[in-house]
Amino acid sequence: MLHLWLLPAALLVAAVLVSIPLSKFAAWIMEGQYRPLPGFGWIERKLDSGPQDWKQYTAALLIFNVILFVWGYVVLAVQPFMPLNPRQLGMLAPTTIFNSVTSFMTNTNLQDYSGDVHFSNFSQIFFTISNQYISAAVGFCALAAIIRAFRGEKKVGNFFVDMWRVLIYMFVPAAILSGVLFIQQGMPMTYASTVQVSTLEPGAMGTDDKGVTKQQTIVMGPVAAVIPIKQIGTNGGGFFGANSAHPYENPSAWTNFITCFDMMMFPFTLVLMFGRMLRKMRHAIVIYGVMLTLMIGMIWWAIYFELKPNPGLTAHPASVTYKIPSATAKGGFRELTIPQVAGLPIEQHLGNLEGKELRFGTVAGPTFAALTTAVTCGAVNCAHDSLNPLTGLSPMVGMWLNCVFGGKGVGMINLLLFLIIGVFIAGQMVGRSPEYLGRKVGAREVKLAVIALLVHPLMILGPTGLFAATSWGTKAEFNPAAHGFSEVTYQFTSASANNGSGFEGLGDTWGFNANPTPAPTSQSLDISTGLVMLFSRYLPIVAPIAMAAFLGMKKEAPYGLGTMRDDTMTFYWLLLGTIVVIGALLFLPVAALGPLADHLGPMPFGG
């Protein structure tokens, strides 16, 4: 069984080793200590509108995102009239366009559509690729501004120059390298939209009216241009609806390793960049250790429980009747009979293989699921809806905490919220004014941290409760009971965490505007998750920038005997405990109603 742990171990070791030199490079770039490449210096001077304080920087960030929204909406709306659309694909439903534009603008990439069905190559290039580069850089820039504010600088940089640096000197080179490796492994890179092929089994696609055997239509396009930045930018929005389980999007075990590594690379790096730019590497290493501990725990949990057999495929030798609570039944209970079920002749010594891409085996699915939700990427290489109930808890926890490395910059920003609250609690426990980076943490900083932290659970629990109690959710669920509740919970968790992965099983696709039979609840899901993505993206960015600016304005006090150092094992346990305890207090009830009830209930997977 030891070999089953080689993949996650190799990925973690590779990400840790690469993050050390890459963090030094990232700090060098963001500090502006490099010499611009020929011709690039002129562009940077044109972009540089001068140093910005935190308010100007935040305003530039928000205005830029408004422009990004307009651009995305126009591109998708005019899809029917644009080139690179030989299949003559029409326009998506307006609510789906709203959801998609909001999703990609906020670096969420939640897809209420299927890319290979609904997007032309024009939309893939000018909407998907462009958004995946730009939106991914926004969180990176916000973290750089926060670091400069923590250093006490009144001017926190220039948003447009920071954006240029991230895109040109980090994302583009990394994406080109990955793209070349992907093409070598067989990933398509073409402007052709489809290809007609004869199947190995003649007549597998049927025959036409004249009895002639039909060929199979295979969709393709500039896949190798989309996938590198999809992973490197922790975007997750796939070219194909099957995402990283599709053989064109993830052709081999080697590309599966690279895609996993790509989404881990910058989230790991930015924690160490934080320490280098603050000149506090020991402090950054403590934070890095907390994140790594949580990530290892998530991966172990996911693999351990996914190696268990799928209870839905095992035998139930006798009929059993249960009484379950019901608000509409007489006496408050209704009887539910589970019939005798014969076990399927499936060997399950490798664990639950349902919904897995068997080219990668059992372990690759849960490993990918834990990683993609920890770093807020959202790409998937297996069906999360088919994970064993307790396995599905791991990706949910990653998104609930939303700080286990997280996305580029945003994960580190979210951890700072837990850190400030933990420091505040520790200060109250020992009777001292809480401090961080040598500065007193006051009421204003704590309020901003709490506001930013509470946005996340409010944007998950509120909509989940509303949809679970109304036909908006019950009609959308593919499965009943606890598993159906997990489907709804996961959808809003993914939207709020700006993750984008799907538990699937929900009827959330309207499709083209002319679709005569859309999913009945798709519009409500489009609008609600779109709004959740907006609130959950910008409030937790703006509030921490303000918090860092206010804290940085304060006078730095020297360390004393009573100062709680932030580079010790004591601080490690304080931060780890704060994250675990607050996370449990916020989300344990919803976990009990979903994955835990699904695991412990009388019916496998809720029925």
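Everything below is about the structure printed above this text.
Structure report, in brief. Per-chain numbering applies: the sequence of each chain, read as written, is numbered from 1 onward. In view of the model being predicted, local features appear only for residues whose pLDDT reaches at least 70, and side-chain atom pairs are presented and counted only at 80 or more, with totals across whole chains, interfaces and linings using the full set of residues. Each side-chain value is derived from all of the structure's non-hydrogen atoms; neither hydrogens nor water enter the calculation.

Looking now at the packing of helix 14 (residues 443–468) against helix 17 (residues 522–552). The description of two helices packed together rests on the angle between their axes and the distance between the axes. Following both chains from N to C, one finds helix 14 and helix 17 inclined at 170°, their axes separated by 8 Å at the closest point. When the interaxial angle is binned, helix 14 and helix 17 end up roughly antiparallel. Along the lines of polarity and charge, the residues of the contact of helix 14 with helix 17 split into 18 nonpolar, three polar and two charged. Here an axis means a line fitted to C-alpha atoms, over the contact stretch when the element is a helix, while the angle between two N-to-C directions is reported on a 0 to 180 degree scale. Only DSSP runs of H or I reaching four residues or more are called helices, and only runs of E reaching two or more are called strands; each is numbered from the N terminus. Reported orientations rely on four angle classes, namely roughly parallel under 35 degrees, roughly antiparallel over 145, roughly perpendicular from 65 to 115, and oblique for the rest. Amino acid classes used here: Ala, Val, Leu, Ile, Met, Phe, Trp, Tyr, Cys and Pro are nonpolar; Asp, Glu, Lys and Arg are charged; the rest, including Gly, are polar.

Here we come to the pattern of salt bridges. Note on definitions: salt bridges are taken to be side-chain nitrogens of Lys or Arg within 4 Å of carboxyl oxygens of Asp or Glu. Evaluated as defined, the whole model comprises 13 salt bridges. In this structure, the salt-bridge partner of glutamate 153 is arginine 151, at a minimum N-O distance of 2.8 Å. For glutamate 153, a relative accessible area of 32% translates into the label partly exposed. Lysine 230 serves as the salt-bridge partner of glutamate 249, at 2.6 Å between the closest nitrogen and oxygen. Taken together, the residues span a long stretch of sequence, with glutamate 249 in the loop between helix 8 (223–232) and helix 9 (253–278) and lysine 230 in helix 8 at a distance of 19 residues. There is no split in this pair, since glutamate 249 and lysine 230 are both buried. A single salt-bridge network, built from bridges that share partners, covers Glu31, Arg151, Glu153 and Arg279. Relative accessibility thresholds used throughout: buried, under 20% of the residue-type maximum; exposed, over 50%; partly exposed, between the two (1.4 Å probe, protein chains only).

The biggest cluster of nonpolar side chains holds 126 residues, and the ones touching the most others in it are Phe150 and Phe171. Whether two residues are in contact is decided by their heavy atoms: any pair within 4.5 Å suffices. What phenylalanine 171 contacts, discounting residues up to four positions off in sequence, is Tyr133, Ala136, Ala137, Phe140, Val166, Ile229, Ile232, Phe266 and Lys408. The term nonpolar core refers to a set of buried residues drawn from Ala, Val, Leu, Ile, Met, Phe, Trp, Tyr and Cys, joined through side-chain atoms within 4.5 Å.

Side-chain rings of Phe, Tyr and Trp, where Trp is taken by its six-membered ring, are said to pair if the distance between their centres is within 6.5 Å; with planes under 30 degrees apart they count as stacked, over 60 as edge-to-face, and otherwise as tilted. Across all of its chains, the model carries 34 aromatic pairs by this definition. Ring centres 4.8 Å apart and planes at 35° place the aromatic pair phenylalanine 122 and phenylalanine 126 in the tilted group. Here phenylalanine 122 and its partner phenylalanine 126 are both found in helix 6 (residues 121–150), four residues apart, which amounts to about one turn of the helix. A relative accessible area of 35% places phenylalanine 126 in the partly exposed class. Ring geometry for phenylalanine 140 against phenylalanine 171: centres 6.3 Å apart, planes inclined by 75°, an arrangement best described as edge-to-face.

To continue, consider the environment of leucine 278. Its place among the elements puts leucine 278 in helix 9. Taking the relative accessible area as the measure of exposure, leucine 278 reaches 11% and is therefore buried. Put simply, leucine 278 and phenylalanine 418 are 140 residues apart on the chain and 19 Å apart in space, counted from C-alpha to C-alpha. Setting aside its immediate chain neighbours within four residues, leucine 278 contacts Ile147, Phe150, Arg151 and Leu437.

This paragraph deals with empty space enclosed by the protein. Buried and open spaces are told apart on a 1 Å grid over the protein atoms alone, a cavity being a set of points where a 1.4 Å probe fits but cannot get out and a pocket being an open set with protein on both sides within 12 Å along at least five of seven lines. Residues with an atom within 4 Å of a point are the lining residues. Grid points are joined across faces, edges and corners, and a volume is the space filled by probe spheres set on the points. Taken as a whole and judged by the stated rule, the model has four cavities of 30 Å³ or more. Quantified by volume, the largest cavity comes out at close to 160 Å³. Along its surface, the largest cavity is lined by 18 residues, and Asn402, Asn414, Ala452, Leu453 and His456 are the ones closest to its centre. Contributing elements (two or more residues each) for the lining of the largest cavity: helix 12 (389–401), helix 13 (410–430), helix 14, helix 17 and helix 18 (569–600). When grouped by side-chain class, the residues that make up the lining of the largest cavity number 11 nonpolar, seven polar and no charged. Of the voids in this model, the second largest cavity is the one considered here, and its volume is about 100 Å³.

For helix 12, with 13 residues, the first-to-last C-alpha span of 19 Å sits near the 18 Å given by 1.5 Å per residue. Judged by how many residues are buried, helix 12 sits mostly within the fold: 12 of 13 residues are covered. When we look at burial in helix 12, the residues that qualify are Pro389, Leu390, Thr391, Gly392, Leu393, Ser394, Pro395, Met396, Gly398, Met399, Trp400 and Leu401. Looking at the buried side of helix 12, the elements it contacts are helix 10 (281–306), helix 11 (361–374), helix 13, helix 14, helix 16 (481–496) and helix 18. Positive phi appears at asparagine 402, one or two residues downstream of helix 12, with a value of about 60°. Every helix has an expected span of 1.5 Å times one less than the residues it contains.

This part covers a nonpolar patch on the surface. A patch consists of residues exposed above 30% relative accessible area that lack any salt bridge, with like charges linked at up to 9 Å and nonpolar side chains (Val, Leu, Ile, Met, Phe, Trp, Tyr) linked at up to 5 Å. Only the protein chains shown count as cover for residues, and all accessible areas are computed by the Shrake-Rupley method using a 1.4 Å probe. Residues Phe424, Ile425, Met429 and Val430 make up a contiguous nonpolar surface patch of roughly 400 Å² in combined accessible area. One can find isoleucine 425 in helix 13.

This next bit is on the side chain of threonine 391. Among the structural elements, threonine 391 can be located in helix 12. The exposure class assigned to threonine 391 is buried, which follows from its relative accessible area of 1%. Engagement of the side chain of threonine 391 in a polar contact is seen with the side chain of glutamate 306, the distance being 2.7 Å. If near-sequence neighbours (up to four positions away) are discounted, threonine 391 is found in contact with Ala302, Phe305, Glu306 and Pro366. We call two N or O atoms a polar contact when they sit within 3.5 Å, provided that within protein one can donate a hydrogen and the other can accept it, with sequence-adjacent residues counted only if both atoms are side-chain atoms.

So, on to unusual backbone geometry. At leucine 84, a position not held by glycine, the phi torsion is positive, near 55°. Here leucine 84 lies in the loop between helix 3 (54–77) and helix 4 (94–105). Residue classification places leucine 84 among the partly exposed residues on the basis of a relative accessible area of 30%. In this model, glutamine 88 sits at a positive phi of 55°, which is unusual for a non-glycine residue. Considering the arrangement of structural elements, one finds glutamine 88 in the loop between helix 3 and helix 4.

Looking now at the environment of valine 180. For valine 180, the location among the structural elements is in helix 7 (residues 159–184). Judged by its relative accessible area of 51%, valine 180 falls in the exposed class. Between the C-alpha atom of valine 180 and that of proline 325, which follows or precedes it by 145 residues, the distance is 57 Å.

What follows concerns the side chain of serine 522. Within the secondary structure, serine 522 is located in helix 17. When its relative accessible area of 0% is taken as the criterion, serine 522 is described as buried. Apart from the residues within four sequence positions on either side, serine 522 is in contact with Gly507, Asp508, Thr509 and Trp510.

Packing of helix 10 against helix 18 leaves a shortest axis separation of 9 Å and a crossing angle of 40°. As far as their axial angle goes, helix 18 and helix 10 are oblique. By crossing handedness, the relation of helix 10 to helix 18 is classed as right-handed. Contacts between helix 10 and helix 18 involve His283, Val286, Ile287, Gly289, Val290, Thr293 and Leu294 on the former and, on the latter, Phe571, Tyr572, Leu575, Leu576, Ile579 and Val580. Looking at the contact of helix 10 with helix 18, its residues break down into 10 nonpolar, three polar and no charged. Crossing handedness: left-handed means the near helix sits turned counterclockwise from the far one by under a right angle, and right-handed means the same turn made clockwise.

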